[in-house]
Amino acid sequence: MISGDETDALPDGGDGLPDALDGTAGLDDTGAGDPAADPAEAEGDGGDGEGGGGGSPAGSGSARASTTSLPGGEKGVPLLPDVVSQGLSVLARTGNGLGFAYTRLDARGKGVGSIELLESFVHLRYVDLSNNAIVSLAPLASMEYLLSLDVSANRVRALPPTLDRKLYLQRACLARNRLAAFDIANWPRCNWIDLNENSLTALKLTEGFAELAHLEARGNKLVSTRGIAARKLKELYLAANRITTIDLPDMPNLHTLHLRGNRLARLDGFGENLKNLATLNLRANAIEDFDEISKLASLPNLRTLVLSENPIDQLPNYRLEVIHRLPRLDKLDKEPVSEAERVEAEQSAGQKHIPSDGYVEARCGVDALDAEEARAV
């Protein structure tokens, strides 16, 4: 019989504290529970910066996998000792230095519906329970030193309060569940979160997520970006929501923002608060006015922009007009901006805005006539 106290434990670097996620203490050759190494690949855009794929999940291999019929039936079966024994790996020294125990559990796609057995496995650090039928994550509360958690493609509707304040958690994949809220306030070391394809209507990630660098929440029901305020965010993926307003605080590290497939018509909210934003995907929104594009000129480092499938891309001289208004762009709608296009954009803008000599002469004549009439009066 497997005992959690005897078989699972915390690897120790000599100080009793958990080691960093460096690929040596818990990541195996399969990469289970590890996010995709290339955000562009995760976005399904072949690295062109377009993103989203209509909200398809990314970042976790298990999240991308299709769910098959459950061996345990519609509700799943309890997690059993033999499944646990087969899934345990990575033997390491315990936190007190007095013994050894397993630190990783892989129980993907086992038809599991309940995980009460895991309450005794207090030292597990790398847990993959994706593609099951799990409803409650409460038994994970005892895992004080949890570093990586993948419960994607389950049936979780709410996160228990006991999951808050996981002080060492660094990566969490909660994609493809049934979450209506993300009631977590304090994962201080977490740097990567996947919430794709849930039913979230709002998010609040503030000072309790001091190390968060990568957030995905595609395919939810968000109407605004308000509440997302983790200052170290570098990559933010919010495609396929219902967002109509951008309301982000000062985020000096944000480099990539994907908003494909939302309901944006106005582009207020972009400015010095996002001074290092380099890639912006606005594909398939409701933008129809070039004056909205001019608002993006306040982003000094914007180099890649996607605007295709907006009403604006049907307007005459669309591409040249955008290049003229955002002259620092390197790529627009997957296509690099050429020097020839830059020259043409400036020339066409000059022809449109600078009056001709004939117009100037005619205008002078009118002004002279107006002045004569004014004197007569």
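Residues numbered from 1 in each chain as written. Predicted model: local features only at pLDDT ≥ 70, side-chain atom pairs only at ≥ 80, totals over all residues. Heavy atoms only, no water.

The backbone of Ala240 shows a phi angle near 60°, a positive value even though the residue is not glycine. Assignment of secondary structure puts Ala240 in the loop between β10 (235–237) and β11 (256–258). Among the residues examined, Ala240 registers a relative accessible area of 22% and is labelled partly exposed. Notably, Asn317 is not glycine yet its phi reads approximately 55°, a positive angle. Along the chain, the position of Asn317 falls in the loop between β13 (304–306) and α6 (318–325). (Helix = DSSP H or I, 4+ residues; strand = E, 2+ residues; numbered from the N terminus. Buried < 20%, exposed > 50% of the residue type's maximum accessible area, 1.4 Å probe, protein only.)

Now for the confidence of the model for the protein chain. Here the protein chain averages 81 in pLDDT, while 72% of its residues score no lower than 70. pLDDT under 50 marks residues 6–68. Its contacts with residues more than four places away, or in other chains, come to 174 contacts. Across residues 353–377 the pLDDT falls below 50, and counting only partners more than four positions away or on other chains, this stretch makes two contacts in the model. (pLDDT = per-residue confidence, 0-100. Contact = heavy atoms within 4.5 Å.)

Inspection of every chain in the model, using the stated rule, returns four aromatic pairs. Taking 5.2 Å as the distance between ring centres and 25° as the angle between the ring planes, the aromatic pair formed by Tyr145 and Tyr168 counts as stacked. Separated by 23 residues along the polypeptide, Tyr145 in the loop between β5 (126–128) and β6 (148–150) and Tyr168 in the loop between β6 and β7 (171–173) bring together distant segments of the chain. Side by side, Tyr145 and Tyr168 carry an identical accessibility label, which is buried. Seen from their ring centres, Trp187 and Phe209 are 6.4 Å apart, and the 65° between their planes marks the pair as edge-to-face. On the criterion of sequence distance, the pair formed by Trp187 in the loop between β7 and β8 (192–194) and Phe209 in the loop between β8 and β9 (214–216) is long-range, its members being 22 residues apart. Among the residues examined, Trp187 registers a relative accessible area of 1% and is labelled buried. You can call Phe209 buried: its relative accessible area is 1%. Aromatic ring contacts, followed pair by pair, group Phe182, Trp187 and Phe209 into a single cluster. (Phe/Tyr/Trp six-rings, centres within 6.5 Å; stacked < 30°, edge-to-face > 60°.)

Opposite charge on two side chains lets them pair, provided their charged atoms get close. Under the defined criterion, the tally for this structure stands at 16 salt bridges. The partner of Lys232 in a salt bridge is Glu211, with the nearest N and O atoms 3.1 Å apart. Of the two residues, Lys232 sits in the loop between β9 and β10 while Glu211 sits in the loop between β8 and β9, which places them 21 residues apart along the sequence. A relative accessible area of 35% means that Glu211 is categorised as partly exposed. Across the pair Glu341 and Arg319 runs a salt bridge whose closest N-O atoms are separated by 2.5 Å. A residue pair is termed long-range when its members are at least 10 positions apart, and Glu341 in helix α7 (residues 339–353) and Arg319 in helix α6 qualify at 22 residues. For the pair Glu341 and Arg319, one class covers both residues: buried. Sharing partners across several salt bridges, the network here consists of Arg266, Asp268, Glu292 and Lys295. (Salt bridge = Lys/Arg side-chain N within 4 Å of Asp/Glu carboxyl O.)

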